[in-house]
Amino acid sequence: MSIKSRIDRIDLRPFRFWFQLAAFIFLVYGGHLAIDLGNSLPTFSCGYNRDGTAGTCYLLPLQHQLAQPWSRLFSPAGLTVLTGFGLFILWFMVLNKAWCGYVCPLGTIQDWITGLRKRLGIPYSNYSDDHFNKLKYIKYFLLLALIFIPLAIGGQFLSHDWGVPFCKICPARMIIPAFNGDFRQWAIDFSNDTKMWLTALGMFITGLFLVGSFIKKRFFCFFCPMSAFHFIFSKLSILKLKKDGSKCTVCGDCYRVCDMQIKPIADDIDSVDILRDDCILCLKCVAACPEEGALKVDILGKTVFEATRGGFNKRMGIEKNDN
Amino acid sequence: MKHYLTFTLLCLFTTGKLFASIPQLWFSDQPPERSMIKNMQMRHGGFVHVVDGVDVKQLWLRQGDSLHQSDYLGSTTKGEFVLMDVQKNINAPQIEKAKQQSIRFPMPDEGFYNAYFTERLVSNDTLAVMTAKAEILKHNCRNGHKYDRNLVKPQKWSDAPLDIVRLRVPKEDFHTRIRSGTEVKFQIFHRGNPVKGANVKLETKKGWVKTTQSDDLGFASFQIIQDNFFDAKKAEKQGKKVERGHGGRIRIRDSYLVTAEYLTDETGSLNDAPFSQTVYRVSTTGRYYPQQLARKSPEQALYFASAGMLVMGVGGYTYRRRRVKPFKEEQFDEH
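Source: prediction; values computed, not measured. All residue numbers refer to position in the chain's written sequence, counted from 1. Throughout, the order in which chains and ligands are written sets their labels, letters from A for the former and numbers from 1 for the latter. Per-residue local features are limited, in this predicted model, to residues with pLDDT of at least 70; the limit for side-chain atom pairs, both in listing and counting, is 80 or more; totals at the level of whole chains, interfaces and linings are taken over all residues.

J.: Any chance you could break down the overall build of chain A for me, citing the residues and the numbers?
T.: Helical segments are the DSSP runs of H or I of at least four residues, strand segments are the runs of E of at least two, and each set is numbered from the N terminus. Along its length, chain A carries 17 helices and four strands. We compute the radius of gyration from the C-alpha atoms alone; for a globule the expected value is 2.2 Å times N to the 0.38, where N is the number of residues. Its C-alpha atoms give chain A a radius of gyration of 21 Å, near enough to 20 Å, the size a compact globule of 323 residues would have. In terms of overall dimensions, chain A has a C-alpha envelope of 65 × 45 × 45 Å along the principal axes. A burial count over chain A gives 48% of its 323 residues as buried. With C-beta atoms placed from the backbone, a residue is buried if 20 or more other C-beta atoms are within 10 Å of its own, exposed if 12 or fewer are, and partly exposed between those counts.

Okay, structure coming up:
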């Protein structure tokens, strides 16, 4: 059996579990081993994790840099913003939105909470189609806010108390450092009114996150501005999720296994590039597809993983020794 | 002339009383004219000039009874300037030709730079060696935070007549701030060796004064007072001046001046003036900030997190219940 056939027959669930665990340990504790991937990572490797972090989520330096006085931001000194952005794009191009599905520590924590719910035998929740279509825009609103609020600070329309506004409300700021025993972020900052409301909102959202992730798979990813940011540049990535509509029977298996409730993955038989803004590229859809070549993952145009009848049968336990 | 007056006063008192009567000498990075700040940029280590992309620090000499009451020294002040860079290389900084005495030096590398100014005077049979010291941090967050932790360690100048070194607080990094309640520890060295029994005085800008003596290993420590409860909003309403930094951010901080003094029976002569004893003095400044915990509440944070969990729990349950479609039996009349 060729290597490609072996990959197509891979049991994705344990592979993803161990990959996510390794990525989590690497990003959350790697800093203790002096590992530093810089501060342009396209994933929630929280900068508030201080010594533990092996690289910092790009949203933190982005907000920090955009809050520079306009006279500096729109001068040659502002090139540092472009440098950071360029590095972000380079990192992003490698994995596309798989940064969310395979690397993001906050995403991994949500998957672990989902695992706990499954063990307890509690069924998960889903949004109605109507709510899904309305709520999905929240992440774009957050993305705009995290860009324009720092710009307004730099233009002196807002005070620096608004600095890094998204990080103030992001649950990763509280949860990821906690894995290093650091609970300093679990506090309301009463230095001024702005910080007080932002940190209070951050704690409230942390509460929503903990329960939300328990009842809804990947609850926070649906609202994540990094996911929206990824989608804007997803065309630049070398890793693509593709669909051959002519081979699709619209059985709906891919939709049923999708943590993000993306309906077009099943319904859309016209698009070749099937990646949607909520997708985390976990590739569960490819693994669950029984149709030969209907869904596939390409790197630089070369298919590295695709739906096959044999792979489907093996994963479903229908044919244990299918050759 | 001012220094001779200083020294005359010095000789009038015993060393135990010296702190109360003699003006102290220190470095400041606050320019004498406020307008100069407009051409400078704020960094973690204070204001700097940026020349060809390199941070250049300028320090002025100040003298006075306290941080609150002091003057800039004129350019005629005689003394020796020394700069110790991050790699512990000893250099002579550029002396600025201006009305007030100041030095300039580039800071290309991340870490701490130490600047010293020493003046020597003999009067009434006593040599006074007075040193001003400044420890300046160069750090720019753009350079990242995975730097060599050895750069945070304090450095001493082995040839300093008297050196005062602030020891680091646990887990100190380039972002660490000394806060009220923190125990700040200093070590006093005389020509590189720890000094026992030096008189050490710490004085805040608001006038809180504490004195102690260095122990066998030259250590002297102070717990920084909580004297900066400051309601900026209230102060602004009352028309009082509120210090605002970069981007209009209200700055709540204060400064301290710490001075160590050591008397020896060293004899000799300076410029043909003999002396039968020597007094060494070194001063340095630092900043401290309000205690963070005083402005943060983990307890109320948990209330908000609990509220979030409750809202999500109840909301999620209600949402699920509302979406459950009741079983409805359909009957068809096939007749």
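J.: Describe the overall build of chain B, listing the residues and the values that go with them.
T.: Helix and strand counts for chain B stand at four helices and 22 strands. Looking at chain B as a whole, 29% of its 335 residues qualify as buried. Contacts here follow a simple rule: the backbone-placed C-beta atoms of the two residues must lie within 7 Å. Within chain B, counting contacts between residues at least 6 apart in sequence, those at least 24 apart form 63% of the total.

J.: So what's going on with the interface of chain A and chain B? Residues and values would help.
T.: At the junction of the two partners, chain A supplies 28 residues and chain B supplies 26 residues. When contributions to the side of chain A that touches chain B are tallied by element, the ones reaching two or more residues are strand 1 (188–189) and helix 12 (193–215) of chain A. No other element matches helix 12 of chain A, which puts eleven residues into the side of chain A that touches chain B. Each residue is assigned to one class: nonpolar for Ala, Val, Leu, Ile, Met, Phe, Trp, Tyr, Cys and Pro, charged for Asp, Glu, Lys and Arg, and polar for all the others, Gly among them. Here the side of chain A that touches chain B is composed, by residue class, of 14 nonpolar, eleven polar and three charged.

J.: Please give an account of the sheet that holds strand 21 (residues 277–288) of chain B that cites residues and values.
T.: Residue and element names in this part refer to chain B. Paired strands, as defined in this entry, are two strands with at least two bridges between them according to DSSP. Strand order in this open sheet of eight strands is 7-6-10-11-21-18-15-16, and the pairing throughout is mixed. Pairing within the sheet leaves two strands with one partner each, and these edge strands are strand 7 (90–91) and strand 16 (209–213). Judged from the eleven bridges that link them, strand 18 (residues 254–264) and strand 21 form a sheet pairing that is antiparallel. Within the sheet, the bridge partner assigned to Glu261 lies in strand 21 and is Arg281.

J.: Explain the nonpolar core to me, using residue names and the numbers behind them.
T.: In these notes, a nonpolar core means any group of buried Ala, Val, Leu, Ile, Met, Phe, Trp, Tyr and Cys residues linked to one another through C-beta atoms within 7 Å. Counting residues in each nonpolar core, the largest one holds 94 residues, and the members touching the most others are Leu59, Cys285, Val286 and Cys289 of chain A. With eleven residues, helix 12 of chain A is the largest single contributor of residues to this core. Not counting residues within four places of it along the chain, the set of residues in contact with Cys289 of chain A comprises Asp253, Cys254, Ala294, Leu295, Ala307 and Phe312 of chain A. Listed in part, the 50 residues of the second largest apolar core include Leu59, Val165, Val258 and Ala260 of chain B.

J.: How would you explain the environment of Leu270 of chain B if you had to name every residue and give the values?
T.: All names here are of chain B. If you trace the backbone, Leu270 turns up in strand 19 (residues 268–270). For the pair formed by Leu270 and Gln187, sequence separation is 83 residues and the distance between their alpha carbons is 28 Å. Non-local contacts of Leu270, meaning those with residues more than four positions away in its chain, are made with Arg120, Val122, Leu127 and Phe275.

J.: Got a sec to walk through unusual backbone geometry? Specific residues and values, please.
T.: Where the residue is not glycine, phi is negative for most of them; where a peptide bond is considered, it is trans in most cases. Residue and element names in this part refer to chain B. The backbone of Lys88 sits at a positive phi, close to 65°, despite the residue not being glycine. Tracing the backbone shows Lys88 in the loop between strand 6 (80–84) and strand 7. For Lys88, a count of 11 C-beta atoms within 10 Å puts it in the exposed group. Although it is not a glycine, Arg191 sits at a positive phi angle of roughly 50°. Looking at where Arg191 falls in the secondary structure, it is placed in the loop between strand 13 (183–190) and strand 14 (193–194).

J.: Which residues make up the packing of helix 12 of chain A against helix 4 (residues 298–323) of chain B, and what values do they have?
T.: Angles here are taken between N-to-C directions and fall from 0 to 180 degrees, while the axes themselves are lines fitted to C-alpha atoms, restricted in helices to the stretch in contact. With their axes 7 Å apart at the nearest point, helix 12 of chain A and helix 4 of chain B run at an angle of 40° to one another. By crossing handedness, the relation of helix 12 of chain A to helix 4 of chain B is classed as right-handed. In this structure, helix 12 of chain A contributes Ala200, Met203, Phe204, Ile205, Thr206, Gly207, Leu208, Leu210, Val211, Gly212 and Ile215 of chain A to the contact, and helix 4 of chain B contributes Ala301, Phe304, Ala305, Ser306, Ala307, Gly308, Met309, Val311, Met312, Gly313 and Gly316 of chain B. Of the residues that constitute the contact of helix 12 of chain A with helix 4 of chain B, the class distribution is 15 nonpolar, seven polar and no charged. In this scheme the crossing of two helices becomes right-handed for a clockwise turn of the near helix relative to the far one and left-handed for an anticlockwise turn of less than a right angle.

J.: Tell me about the sheet that holds strand 2 (residues 239–243) of chain A, and name the residues and values.
T.: Remark on secondary structure: sheet strands pair via backbone hydrogen bonds, oriented parallel or antiparallel. Residues and elements named next belong to chain A. Read across the sheet, three strands follow the order 2-3-4 without closing on themselves; strand pairing throughout is antiparallel. The strands lining the two open edges of the sheet, one partner per strand, are strand 2 and strand 4 (302–306). The average undirected angle you get between the axes of adjacent strands in this sheet is 35°.

J.: Mind laying out the packing of helix 11 (residues 171–178) of chain A against helix 12 of chain A, listing which residues take part and the relevant values?
T.: All names here are of chain A. Where helix 11 contacts helix 12, the two axes come as close as 8 Å, and the packing angle between them is 70°. In terms of their interaxial angle, helix 11 and helix 12 are classed as roughly perpendicular. Contacts from Pro171, Arg173, Met174 and Ile175 in helix 11 reach Gly202, Ile205, Thr206 and Phe209 in helix 12. Each residue belonging to the contact of helix 11 with helix 12 can be placed in one class, and the counts come to five nonpolar, two polar and one charged. What sets the label is the angle itself: under 35 degrees gives roughly parallel, over 145 gives roughly antiparallel, 65 to 115 gives roughly perpendicular, and the rest give oblique.

J.: Go over helix 2 (residues 12–29) of chain A with me, naming the residues and quoting the values.
T.: Residues and elements named next belong to chain A. With 18 residues, helix 2 ought to run about 26 Å at 1.5 Å a step, and its terminal C-alpha atoms sit 25 Å apart, in line with that. Listed as buried for helix 2 are Arg16, Gln20, Ala23, Phe24, Leu27 and Val28. Each buried residue of helix 2 sits inside an arc of 110° when the element is viewed along its axis, so together they form one side. Counted as exposed and oriented over 90 degrees from the buried face of helix 2: Pro14, Trp18 and Ala22. Here the expected span of a helix is defined as 1.5 Å times the quantity of residues minus one. Throughout, the arc means that of the directions going from the helix axis to the C-beta atoms.

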